[in-house]
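# Commentary on secondary and tertiary structure
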Amino acid sequence: LHAGQAVKIYKTPDHPDCINDPSAGRIATERVKYMANKIASIMHMDLDPSVVKPLNLVMKDGKFAGYTMEYVPDFDVLYFLSQRSYRDQNPYQPSSVIQVFRHIWKIVESIHDQDAVIGDFNDLNVLFRRGDVRLVDLDSMQFDKYLCRMFTARFIDPRLVEERGSSIEFVS
C-alpha cells in the first residue's frame, strides 16, 4: 500500500471459509459483485472531508476484492468516551466532548444531504482526536439502489428488528 493508506478486503469465494461451503461461496460471490459497484459509487460521492471514503479499488486476479482508504493514525474510537478508565486517563472538558458531537452532527447532516443514511452507525466507526472527527466503515451506507445490509445490534432501531432465538432479524 501507499503510505497513509489502509485497506479493507472482503471475503471472496476462494477464501478458506468458502471453499468447502457452496452456500458461503455463493454469498461471497454476490457480496463482492454488489460491493464493487457500491464502492465505486461511494468513491464518486461528494462527502464531507471528515468521511474516510474509498480511494481506490483493490483487485485480485482481475476481480474486485476490496478498497483502499485513508489511514487515520492517532485517533481514538468514540466508544472509549463511555469507558471510565479511558476518561480517567484522558480527561476531557465537557466543552471538548460537545465539540466532538457537534462535528459528528455536521458530518451526519452532510451525508443525509446526499440522500444517504449511515446504516451501521456506531461508536466504533467514529474516530476522534481533540475535537477532530473521522467517520469510517461507511461501505454499509444506504443510498440510491444500495441498501444497508449491516447493523450493530446495540444501535439498531428496535422497531426494525425482532429477536428470534439467538439471532436478530429484520421485521418485514
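Fair warning: this is a prediction, and the values are worked out from it, not measured in the lab.

Note on placement: Asp120 falls in the loop between helix 4 (94-112) and strand 5 (126-129). For Asp120, a relative accessible area of 9% gives the class buried. Placed 18 residues apart in sequence, Asp120 and Leu138 show a C-alpha to C-alpha distance of 7.5 Å.

Turning our eyes to something else, we now look at the packing of aromatic side chains. As enumerated under the stated definition, the model contains 8 aromatic pairs in all. Judged by centre distance (5.9 Å) and plane angle (35°), the rings of Tyr10 and Phe64 are tilted. Taken together, the positions of Tyr10 in the loop between strand 1 (5-9) and helix 1 (16-19) and Phe64 in strand 3 (residues 63-70) put the pair 54 residues apart, joining distant regions of the chain. Comparing Tyr10 with Phe64 shows no difference in burial state: the two are buried. With 5.2 Å between their ring centres and 45° between their planes, Phe143 and Tyr146 make a pair best called tilted. Of the residues examined, Phe143 reaches a relative accessible area of 4% and is grouped as buried. Within the aromatic cluster, the residues linked to one another by ring pairs are Phe80, Tyr86, Tyr92 and Phe128.

Moving on, we get to unusual backbone geometry. The phi torsion at Asp61 lies on the positive side, around 55°, for a residue other than glycine. Positive phi, close to 60°, is recorded for Asp137, a residue that is not glycine. Positionally, Asp137 belongs in the loop between strand 6 (132-135) and strand 7 (161-164). Residue classification places Asp137 among the partly exposed positions, given a relative accessible area of 23%.

Criteria and cut-off values
Residues numbered from 1 in each chain as written. Predicted model: local features only at pLDDT ≥ 70, side-chain atom pairs only at ≥ 80, totals over all residues. Heavy atoms only, no water. Helix = DSSP H or I, 4+ residues; strand = E, 2+ residues; numbered from the N terminus. Buried < 20%, exposed > 50% of the residue type's maximum accessible area, 1.4 Å probe, protein only. Phe/Tyr/Trp six-rings, centres within 6.5 Å; stacked < 30°, edge-to-face > 60°.

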